[in-house]
Amino acid sequence: LFRSETPLGELRLPTPGAEGRDERSLASCEGRQERSPTGGKDFFSKDVKVKSEEEELVEEQEELDPRIQEELEQLNQASEEINRLELKLDEARTTYRRILTESARKLNTQGSQLGNCIEKARPYYEARRQAKEVSTTALRSLSSSKKRLCVQPSNI
């Protein structure tokens, strides 16, 4: 006799004509002994006591150590803080993208309006940037040479 397992989350409907068979007779046909999860009692029997979700929750809360409850509360508070900060970060990123997009659009608009003027002024601003770099380099060199002169003993 071939018997397939029912995948989790699916309900297996009874096979037509198999209403008279029970689980123990199938197990004995296969040559092995199986117990039903209800201890051999019918699932819909009045003898089986099913706990409600509320009862299970109350039992679970009673079983928790107060230190564990305190740690769980701190974990919940930290999770709430993380969620709040993530929302704030998302808002800041959205604002940044919006401002960046607007700035790029404005810059492109001005660039297209002033295209010829920008090309004419570009050499001046590039020369000005280079002059600033040279000035900074010269100041660093002067500073390091002064330090070397102060450190070396004078031979007078």
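Residues numbered from 1 in each chain as written. Predicted model: local features only at pLDDT ≥ 70, side-chain atom pairs only at ≥ 80, totals over all residues. Heavy atoms only, no water.

(A) Geometry of the overall build of the protein chain. When helices and strands are tallied, the protein chain shows four helices and zero strands. Shown N-terminal to C-terminal, the secondary structure of the protein chain runs as helices and strands in the order α-α-α-α. Taken across its 156 residues, the protein chain has 1% of its residues classed as buried. As presented, the protein chain carries roughly 15,200 Å² of accessible surface, and 55% of it is formed by carbon and sulfur atoms. (Helix = DSSP H or I, 4+ residues; strand = E, 2+ residues; numbered from the N terminus. Buried < 20%, exposed > 50% of the residue type's maximum accessible area, 1.4 Å probe, protein only. Areas by Shrake-Rupley, 256 points an atom, 1.4 Å probe, with all protein chains shown as cover.)

(B) Structural context of the pattern of salt bridges. Summed over all chains, the structure comprises four salt bridges. We note a salt bridge from Glu81 to Arg84, for which the minimum N-O separation is 2.5 Å. Taken together, the positions of Glu81 and Arg84, both in helix α3 (residues 66-113) and three residues apart, correspond to about one turn of that helix. Since its relative accessible area comes to 35%, Glu81 is described here as partly exposed. For the salt bridge of Arg129 with Glu133, the shortest nitrogen-to-oxygen distance reads 2.9 Å. (Salt bridge = Lys/Arg side-chain N within 4 Å of Asp/Glu carboxyl O.)

(C) Just a negative patch on the surface, in detail. Judged by side-chain charge, Glu53, Glu54, Glu55 and Glu56 come together as a negatively charged surface patch. Looking at Glu55, the relative accessible area reads 37%, which means it is partly exposed. (Patch = residues over 30% accessible without salt bridge, like charges linked within 9 Å, V, L, I, M, F, W, Y side chains within 5 Å. Lys, Arg positive; Asp, Glu negative; His and termini not counted. Charge placed at Lys NZ, Arg CZ, Asp CG, Glu CD.)

(D) Highlighting the packing of aromatic side chains. Scanning all chains against the criterion turns up one aromatic pair. Judged by centre distance (4.9 Å) and plane angle (80°), the ring pair of Tyr124 and Tyr125 falls under edge-to-face. For the pair Tyr124 and Tyr125, a shared accessibility class is recorded, and that class is exposed. (Phe/Tyr/Trp six-rings, centres within 6.5 Å; stacked < 30°, edge-to-face > 60°.)

(E) Structural context of a nonpolar patch on the surface. On the surface, a cluster of nonpolar side chains totalling about 260 Å² of accessible area is made up of Ile68, Leu72 and Leu75. Here Ile68 shows up in helix α3. In this structure Ile68 comes out as partly exposed when scored by relative accessible area, which is 41%.

(F) Fine view of the confidence of the model for the protein chain. When pLDDT is averaged along the protein chain, the result is 76; 61% of the residues meet or exceed 70. Least confident of the elements in the protein chain is helix α1 (residues 23-30), whose mean pLDDT is 46; most confident is α3, at 95. Contacts for the low-pLDDT stretch residues 19-38, under 50 throughout, to residues beyond four places or in other chains number 15 contacts. (pLDDT = per-residue confidence, 0-100. Contact = heavy atoms within 4.5 Å.)

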